[in-house]
Each structure stands twice: as structure tokens, then as C-alpha cells.
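Residue-level structure breakdown
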Amino acid sequence: MRALILGGIADANVLAVEIARAGIDAVYSYGGRTRAPADQPLPTRSGGFGGVSGLADTIRRDGITHVIDATHPFAVEMSRNAIEACAQTGTPLIALERAPWTKAPGDSWIDAADVDAAAAALSEAPANVFLAIGRQHIAPFASRPQHAYTLRFVDPPEGALPFAADVIVSRGPFTLDGELEMLRARKIAWIVARNSGGDGARAKIDAARLLGLPVIMISRPELPERPRVESVTEVMQWLGHRTCLGA
Ligand SMILES: NC(=O)c1ccc[n+]([C@@H]2O[C@H](COP(=O)([O-])OP(=O)(O)OC[C@H]3O[C@@H](n4cnc5c(N)ncnc54)[C@H](OP(=O)(O)O)[C@@H]3O)[C@@H](O)[C@H]2O)c1
């Protein structure tokens, strides 16, 4: 057995620890976007494989027997490539993906199908807006220049942004108290977020509810059907191992 973890979410790091602990031969693949990614207890590689054919070649060359897609739910290109390359090579694939967040009483969400729809959903009146989306997705908000934007990235942005904005550089996870303080201090009136699910990014959504702020929530992109689980424990079971983790 030789597993390939396509990393990207916090649970991928938890999974790497469990796989290392179980003594399973595995490689952890970083997308290569983050300058100082978390250390792993497994051999790592970084950066694209070269599309479907590149990933299929890697699977064959490196004797990969199991692929675990633990990329971010919005990293759809990698996920589509994994589905296709695993189908071509006959390699079992599983996706580790937390369920999307669902509205709780008191939430004020405006659903948006994509980033363009989210930019269009902002008010006409100037407002302080927290864009909780990745650097590569912010360009459509240049068309709404009346707003004052706060952005938050893991790394300082390289090069000019498409519009003026305050940038917070922080890796998270973020606490409810910390998010409340940040939203209050910046007098944020709107939040734009992607429905990532999971606990690591949830605090801003809970804070928005407590402060009565509207959230423009971008839905997850559609992916072809694939086997999918929500916990590291289930991935370990799929690999034929038990863990001492609760969920
Ligand atoms: N999109 C987000 O909001 C977000 C948020 C947090 C973390 N991330 C993580 O950041 C990375 C890039 O995200 P993205 O949205 O740019 O992804 P993407 O659009 O789905 O992927 C673009 C290309 O990047 C390469 N790639 C992505 N993830 C990879 C991985 N784990 N290992 C090796 N190559 C990978 C692949 O290149 P080739 O085609 O050349 O193989 C893929 O086709 C992913 O690992 C993702 O999980 C993304």
C-alpha cells in the first residue's frame, strides 16, 4: 500500500499524523501556494502534477495504491483531476471533506453561486466589507470600488492587489472572541465568505450572527460524484486501519 494525500485543509494534517502513526507508506502533496506550509510527519512533494496525465503518471511511477483528496472544497481543478486520473489508473480515491455549513437561527445569509454573484450582491451604499476569500478570487470586487475592504491572507500578498484594501496576514484557526474583536474594531458591515465547512474557519460566521451582520455566502462548486467521508477516522477505516480519534 502507498497512499497519496492531496493536502490543503487542516484535516489533511491530522490525517498525515494518523497515517504516519499507523506506519502506512504515504506521500503528502502540497499545492505549493503557501510559503511556509505546516511540517508533515510524512515525505512531502509540492506543486502541480501537470494536469490529469501528470497525476496519472505520478500514480503509476510512484506505485500509488490509494489517493486521498484532502484539498479545499473550492480547489475543484485538483479534485476533478484526481477523479479522472484515478479512473484512468484504476486507483481507489476518497475525498475527505467536511459538510458545508448550514444556516442557524439568527444567521443572515445571502447565497451567491460564485464570486461574481457575491460582488454583485453587495449594497450600493459604501460599507466596510470583510472579504474572507482567497487572494486569487478577489478581482471581481474591483468593480465595487465604493466599499472599504479588509482582506485576510496566510502570506503577505506578492505584487499589487486589484484594488486598495487593508490586509491582515494571519494563518488561523480563528477564535470567536478574536473574530468579534476584529469585526467590531474595523466596523465591518458585510462579510463575504465561501462555504468551506469545518471548524477552523467557522468563527467568523458565528461572530457575524452574534453581531447581526449579513454574510454573502458563496456556495461550493459542483463536482462529479466521488466517494466522500467527513472524518479522518473514516479515511483510516477506508485504508484498513483503526485510529484513537473520536470523529
Ligand atoms: N481554493 C481555496 O480557496 C483554497 C483554500 C485553502 C487551501 N487551498 C489549497 O491550496 C491549494 C491550491 O488551491 P487552488 O484553489 O489553486 O486549487 P485548484 O484550482 O483546484 O488547483 C489548481 C492546480 O494546482 C495544483 N494543485 C492544487 N492542489 C494541489 C495539491 N494538493 N498537490 C499538488 N498540486 C496541487 C494542480 O496542478 P496540476 O494540474 O499541475 O496538477 C491543480 O490543477 C490546494 O492544495 C488547496 O487545497 C485552497
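Here is what the cut-offs are and how they apply
- Residues numbered from 1 in each chain as written.
- Predicted model: local features only at pLDDT ≥ 70, side-chain atom pairs only at ≥ 80, totals over all residues.
- Heavy atoms only, no water.
- Salt bridge = Lys/Arg side-chain N within 4 Å of Asp/Glu carboxyl O.
- Helix = DSSP H or I, 4+ residues; strand = E, 2+ residues; numbered from the N terminus.
- Buried < 20%, exposed > 50% of the residue type's maximum accessible area, 1.4 Å probe, protein only.
- Axes fitted to C-alpha atoms, helices over the stretch in contact; angles between N-to-C directions.
- Parallel < 35°, antiparallel > 145°, perpendicular 65-115°, else oblique.
- Left-handed = near helix turned anticlockwise from the far one by under 90°.
- Contact = heavy atoms within 4.5 Å.
- Nonpolar A, V, L, I, M, F, W, Y, C, P; charged D, E, K, R; others polar.
- Domains from an automatic or database assignment.
- Buried area = accessible area lost by both parts, 1.4 Å probe.
- Polar contact = N/O pair within 3.5 Å; in protein donor to acceptor, adjacent residues only side chain to side chain.
- Near = heavy atom within 4 Å.
- Areas by Shrake-Rupley, 256 points an atom, 1.4 Å probe, with all protein chains shown as cover.

With that settled, the discussion passes to the pattern of salt bridges. Using the criterion set out here, one finds 16 salt bridges in the structure. For Glu97, the salt bridge goes to Arg226, with nearest N and O atoms at 3.0 Å. With a gap of 129 residues between them, Glu97 in the loop between strand E5 (93-96) and strand E6 (108-112) and Arg226 in the loop between strand E11 (214-218) and strand E12 (228-229) connect regions that are remote in the sequence. The pair Glu97 / Arg226 is uniform in exposure class, with both members buried.

This brings us to the packing of helix H2 (residues 51-61) against helix H3 (residues 76-89). Taken N-terminus to C-terminus, the directions of H2 and H3 make an angle of 50°; their axes are 8 Å apart at the nearest point. As summarised for this structure, H2 and H3 are arranged oblique, according to the angle between their axes. In the packing of H2 onto H3, the handedness of the crossing is right-handed. Note on element contacts: H3 touches H2 through Met78, Asn81, Ala82, Glu84, Ala85, Cys86, Gln88 and Thr89, opposite Gly51, Val52, Leu55, Ala56, Ile59 and Arg60. Taken together, the residues of the contact of H2 with H3 sort by class into eight nonpolar, four polar and two charged.

A separate point is the domain arrangement of the protein chain. Assigned domains within the protein chain: domain 1 (3-98 + 222-238) and domain 2 (109-218). For domain 1 versus domain 2, the distance between C-alpha centres works out to 28 Å. At the interface, ten residues of domain 1 touch twelve residues of domain 2. Buried area between domain 1 and domain 2, summed over both chains or domains, comes out near 830 Å², and the portion from carbon and sulfur atoms is 48%. Of all residues in domain 1, Arg35, Phe74 and Arg98 give up the largest surface area on contact with domain 2, accounting jointly for 62% of the area buried on that side. In this assembly, domain 1 and domain 2 are joined by zero salt bridges. The tally of links from domain 1 across to domain 2 stands at one residue pair in polar contact (both at pLDDT 80 or more). Residues of the side of domain 1 that touches domain 2, tallied by class, amount to five nonpolar, two polar and three charged.

What surrounds the ligand is a group of 24 residues, the closest being Ser29, Arg33, Phe49, His72 and Arg194. Here Gly7 contributes a backbone N or O atom positioned 2.9 Å from an oxygen atom of the ligand. One of the backbone nitrogen or oxygen atoms of His72 is found 2.8 Å away from an oxygen atom of the ligand. When the ligand is considered free in solution it has 800 Å² of accessible area, and contact with the protein chains removes 82% of it. Residue assignment for the shell around the ligand shows that the elements contributing at least two residues are strand E2 (26-30) and H3. At four residues, the largest contribution of residues to the shell around the ligand is made by H3. Here the residues of the shell around the ligand sort into seven nonpolar, 13 polar and four charged. There are two domains that each give the shell around the ligand at least three residues, and those are domain 1 (3-98 + 222-238) and domain 2 (109-218).

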